[in-house]
Amino acid sequence: MAKQHRTPEEASIDSAAQEMLIRAEELQISTAFSRADDMAPCNIGSAGMCCKICGMGPCRLTKEGSTGVCGATIDTIQARNLIRAIAAGAAAHSDHGRDMAFTLKAVANGETEGYYIRDVAKLRTTAQIYDIPIEGRSPEEIANDLADLYTSQFGQQKGELALIKRAPKKRQEVWSATGVTPRGVDREVVEALHRTHIGDDQDAEHILVHAVRTALGDGWGGSLIATDVSDILFGTPAPVLGQANLGVLKDDMVNVVVHGHEPTLSEMIVAASQTPEIIQYAQAAGAKGVNLSGICCTANETLMRQGIPAAGNFLQQELSILTGAVEAMIVDVQCIMQALVGLAENFHTKIITTSPKVKLKGATHIQFDEHKALTIAKDILKFAIDNYKNRGETVIPDDREDLVPGFSHEYINYMLGGSYRSSFRPLNDAIMSGRIRGVAAIVGCNNPRSQHDYLHVKVTKELLKQDVLVVETGCGAIASAKQGLLLGEAGLDKVGPGLREICETIGIPPVLHMGSCVDNTRILTVLTQMVEEGGLGDDIDQIPAVGLAPEWMSEKALSIGTYCMASGAYVIFGGSSPVGGMPDKVSDSDIVSNYLIEGWEGLYGGKMEFEPDPDEMVRKTLEHIDKKRADLGLPVYDPSRFGKSGDARMLQLEEMPLEARRAMLYGQTD
Ligand code: SF4
Ligand code: MSK
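What counts, and where the lines are drawn
- Residues take numbers from 1 onward in each chain, read along the sequence in its written order.
- Written order determines the labels here, with chains lettered from A and ligands numbered from 1.
- The model is predicted, so local features are restricted to residues of pLDDT at least 70 and side-chain atom pairs to those at 80 or more, both for listing and for counting; the totals for chains, interfaces and linings are taken over all residues.
- The basis for every side-chain value is the complete set of non-hydrogen atoms in the structure, without hydrogens or water.
- For each residue, the accessible area found with a 1.4 Å probe, counting protein chains only, is set against the maximum for its type, and the residue is called buried under 20%, exposed over 50%, and partly exposed in between.
- Each helix is a run of DSSP H or I of at least 4 residues and each strand a run of E of at least 2, with the numbering of both proceeding from the N terminus.
- It is the directions from the helix axis to the C-beta atoms that the arc portrays.
- Here a residue-residue contact requires only that any non-hydrogen atoms of the pair lie within 4.5 Å.
- Angles run from 0 to 180 degrees between N-to-C directions of axes, and those axes are lines fitted to C-alpha atoms, restricted for helices to the stretch in contact.
- In this scheme the crossing of two helices becomes right-handed for a clockwise turn of the near helix relative to the far one and left-handed for an anticlockwise turn of less than a right angle.
- Polarity classes work like this: nonpolar for Ala, Val, Leu, Ile, Met, Phe, Trp, Tyr, Cys and Pro, charged for Asp, Glu, Lys and Arg, and polar for all others, with Gly in that last group.
- Throughout this description, the term salt bridge denotes a Lys or Arg side-chain nitrogen within 4 Å of a carboxyl oxygen of Asp or Glu.
- Only heavy atoms are used to decide nearness, and a residue is near a molecule or strand if one of them lies within 4 Å of it.
- Each domain's extent was defined by an automatic or database domain assignment.
- The method works on a 1 Å grid over the protein atoms by themselves. A cavity is a set of points holding a 1.4 Å probe that cannot get out, a pocket is an open set with protein on both sides within 12 Å along at least five of seven lines, and residues with an atom within 4 Å of a point line them.
- For this analysis, a molecule is said to be in a pocket or cavity if more than half of its atoms are within 2 Å of the grid points defining it.
- By buried area we mean the combined loss of accessible area, with a 1.4 Å probe, across both parts when two parts are placed together.
- Contacts described as polar in this section are N or O atom pairs within 3.5 Å, which, within protein, must combine one atom able to donate a hydrogen with one able to accept it, while residues neighboring in sequence count only if both atoms come from side chains.
- In this description, a nonpolar core means a group of buried Ala, Val, Leu, Ile, Met, Phe, Trp, Tyr and Cys residues linked to one another through side-chain atoms lying within 4.5 Å.
- Classification of ring pairs rests on two measures: the distance between centres of Phe, Tyr or Trp rings, Trp counted by its six-membered ring, which must be within 6.5 Å, and the angle between planes, read as stacked under 30 degrees, edge-to-face over 60 and tilted in between.
- Distance and angle both matter: a charge sits over a ring if NZ of Lys or CZ of Arg is within 6 Å of the ring centre and within 35 degrees of the ring normal.
- Criterion used throughout: strands pair if DSSP finds at least two bridges between them.
- Grid points are joined across faces, edges and corners, and a volume is the space filled by probe spheres set on the points.

**A few points about helix α6 (residues 120-129)**
All of the buried residues in α6 are K122, L123, T126 and A127. Buried residues of α6, seen end-on, are gathered within an arc of 130 degrees and therefore sit on one face of the element. Looking at the buried positions of α6, the neighbouring elements they touch are α7 (139-155), α10 (204-234), α17 (409-417) and α23 (520-533).

If you want it as structure tokens, here you go:
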């Protein structure tokens, strides 16, 4: 018998998603929401207490003191499962970075079609960090050297990753002292797999040391390379007006949705869609043109740089197809549900896979090759346009929200200080004075096990009220965008007076969209610059800042959380813990959970915790921020301290009756 499904309102807070879930029920089409309702997670597996790494198992450990056939204990098995997930996440991000480095090399050597180096300034700045000569050299010569250096980081066997020097000096010393400085990106991933083979590393704490080293190879290696090269090739993001939610799909145009993570193809799809050849081709098919939009982090990449609208986040990939208005969904890598193909068969939508690494059975595969990028992008778009005539009934929700994304750390630096004295000083000063209480990075996925977007939005709104500046990436940023929090004026009525004053003075929204999942490295760079600016300690672990992933689901999120923790941050995940165990019944199942908090804090100053209750997430965040403020000797956060100044005073005036307002302003009484 089918299990009880949640109502659309219980499944998502997003009215566009709710409308599509009603349509799915009417058409009797399953989605991730209904499948999650139908299938309860295994409580042993979700607690990290099932081991299946050898043929003597799977071993399911459910009792105090129980072991696997080989004698492996619960903590060993949980640590092994966790490091394998972190290694997979690090591999996904880093392989993305590797491909970006290959593309940079090909562009430098004139081997590609349609690409060029758009941000020469970032290329030169980045090259200088590694002492690559820049004077008197062409961008292509510099890019060639940088591509070689970056490519070498993946296969490097000994020494330290060259990119590590971009962390605060003291942080580098912490990593060196604890033996977690990554040697080479690939080496750490391979060693994580080796150590967790049957009969290898069977000391949970020792396994977790290498988990940290593997994740650092992602955050300060592969992901940082991906962000750098994307900026160099496609431009460093700066604020741009965009839109988000399913209402960005258009009835009278050919709708093409790009989904996945890598900007290499999607940037070329954007360029191809604007050529007269493609516009005319679409018009000849009876459409007004091609309407591009994105899902997941490909959406974030094209939104940040080109203002291409985001149709939605992770849980909206299926819902976009349910509109019946999508001619083609072009996917590359990561976060692509296999269910898309079966779902699309109910409509006319073509699912097009493009990466040599990713095929979906039943999808159309048009392999991307940067050497013929523009030609392939045009071919894909023509294929989508040819499908326009097959479109049936459409139901497009009338939900779309404006937003301003594009807050790269370079832009934040510029906006805080202007072109001649760009600096993080105003941000540090605002935190030191207490106008801004602290900073929260709210990142990561959606998960159908919780109400879609609810945790992201709830935590974000609560922290804004407490004068916490929020930076976001990934699907969390799209969740906030859909609620109007990424638009200056619209968002500011929801924030505390001190934060509002700062946002209005600088001219920024209270939530800064910093990009895709690999762009969490931008947050590391911001934190490093805050340290270097002075006044907030000499390492990241001293800054009043917290990282949160309220609706996490991917292995990449675990890698991100671990490298942020090892960089000094307190990281709080929502949802369930992959090492949660069953503490009430099996006390030795919380050894690893406790170690991620206390053990890691003792070594790295950061800690990682899983907390399903959003109110607790907020409470713990504020408690941590206030503790860090106290440790730095900063004034206790007190929103009334600035009550008579700036916008706080304006707010007070707005709420006053007219007479009282006049009396206060002009001393008049009538
Ligand atoms: Fe069981 Fe040990 Fe094999 Fe894991 S490695 S499946 S615990 S016997
Ligand atoms: S896409 S990894 S669901 S953020 Fe980067 Fe979103 Fe998480 Fe995928």
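**Details of the packing of α6 against α10**
The contact between α6 and α10 brings their axes to 7 Å, and the two run at 145 degrees. In this structure, α6 crosses over α10, and the sense of that crossing is left-handed. Across the interface between the two elements, K122, L123 and T126 of α6 pack against D228, D231 and I232 of α10. Taken together, the residues of the contact of α6 with α10 break down into 2 nonpolar, 1 polar and 3 charged.

**Points about the pattern of salt bridges**
Inspection of the entire model under this criterion finds 50 salt bridges. Across the pair D186 and R98 runs a salt bridge whose closest N-O atoms are separated by 3.0 Å. With D186 in helix α9 (residues 185-195) and R98 in helix α5 (residues 74-108), this residue pair connects regions lying 88 residues apart in the sequence. One salt bridge in this structure joins R166 and D228, with 2.7 Å as the shortest N-O distance. Here D228 lies in helix α10 and R166 lies in the loop between α7 and α8 (169-178), a separation of 62 residues in the sequence. Through salt bridges with shared partners, a single network forms among K122, R166, D228, D231, E301, R305, E410, D519 and R522.

**Re the site of ligand 1**
Inspection of the region around ligand 1 gives C51, I53, C54, M56, G57, C59, G68, V69, C70, I77, R80 and I198 as its neighbouring residues. In terms of residue class, the shell around ligand 1 is made up of 9 nonpolar, 2 polar and 1 charged. When residues of the shell around ligand 1 are assigned to domains, at least three fall in each of domain 1 (8-60) and domain 2 (74-234).

**A word on the site of ligand 2**
Close to ligand 2 lie 13 residues, the nearest being H261, C297, C335, C475 and C517. Spatially, ligand 2 is embedded in the second largest cavity. Mapped onto the shell around ligand 2, the elements with two or more residues apiece are α13 (296-306) and α20 (474-482). Its residues assigned to classes, the shell around ligand 2 shows 8 nonpolar, 4 polar and 1 charged. In this structure, the shell around ligand 2 is formed jointly by two domains, domain 3 (242-390) and domain 4 (408-575 + 611-641), each of which donates at least three residues.

**With respect to the domain arrangement of the chain**
Its domain assignment divides the chain into domain 1 (8-60), domain 2 (74-234), domain 3 (242-390) and domain 4 (408-575 + 611-641). Here the C-alpha centre of domain 4 lies 31 Å away from the C-alpha centre of domain 3. In this assembly, 19 residues from domain 3 lie in contact with 21 residues from domain 4. Carbon and sulfur atoms make up 69% of the area that domain 3 and domain 4 hide from each other, which totals about 1,500 Å². Of all residues in domain 3, the largest losses of buried area upon contact with domain 4 belong to M304, N313 and L315, amounting jointly to 36% of the total for that side. Where domain 3 packs against domain 4, one counts 0 salt bridges. On inspection of domain 3 and its partner domain 4, the count reaches 13 residue pairs in polar contact (both at pLDDT 80 or more). Per-element accounting of the side of domain 3 that touches domain 4 gives the leading share, 8 residues, to α13. When grouped by side-chain class, the residues that make up the side of domain 3 that touches domain 4 number 10 nonpolar, 7 polar and 2 charged.

**Notes on the nonpolar core**
Core analysis: the largest hydrophobic core is formed by 161 residues, its most contacted members being L463 and M530. Contact partners of L463, with chain neighbours within four places excluded, come to A440, I442, V468, V470, L548, V618, T621 and L622.

**Observations regarding the packing of aromatic side chains**
How two aromatic rings sit relative to each other is given by the distance of their centres and the angle of their planes. Counted according to the given criterion, the structure contains 8 aromatic pairs. On the basis of an interplanar angle of 80 degrees and a centroid distance of 5.7 Å, the ring pair of W552 and F573 is categorised as edge-to-face. Highlighted residues: W552 in the loop between β14 (545-549) and α24 (555-566) and F573 in strand β15 (residues 570-573), separated in sequence by 21 residues. Through a chain of ring-to-ring contacts, three or more aromatic side chains come together here, namely F407, Y411 and Y414. The ring of Y281 has K382 lying over it, and the distance from NZ or CZ to the ring centre is 5.5 Å. Directly above the ring of Y570 sits K607, whose terminal nitrogen or CZ lies 4.5 Å from the centroid.

**What to know about the sheet that holds strand β11 (residues 438-442)**
Spatially, 6 strands are ordered β13-β12-β11-β14-β15-β16 in an open sheet, and the strand pairing comes out parallel. In this open sheet, the two edge strands, each paired with only one partner strand, are β13 (511-513) and β16 (607-610). Looking at each pair of strands side by side, their axes are set apart by 20 degrees on average, direction ignored. In the packing of helix α19 (residues 454-465) onto the sheet, contacts are made with β11, β12 (468-472), β13 and β14, and the angle to β12 comes to roughly 145 degrees.

**Focus on empty space enclosed by the protein**
This model, assessed by the stated rule, comprises 5 cavities of 30 Å³ or more. Volume-wise, the largest cavity comes out at about 430 Å³. Taken together, 40 residues form the lining of the largest cavity, with V439, A441, V471, I523 and L527 sitting closest to its centre. Of all the elements in the fold, those that place two or more residues in the lining of the largest cavity are α17, β11, β12, α22 (497-506), α23, β14, α24 and β15.

**Quick notes on helix α18 (residues 425-433)**
An α-helical segment advances 3.6 residues per turn. Residues three or four places apart therefore align on the same side. Within α18, the full set of buried residues consists of L427, N428, A430 and I431. Along the axis of α18, the buried positions cluster into a sector of 160 degrees, meaning they face one direction only. Next to the buried residues of α18 lie α17, β11, β12, α22, α23 and α26 (614-632). One or two residues past the end of α18 sits G434, with phi positive at roughly 100 degrees.

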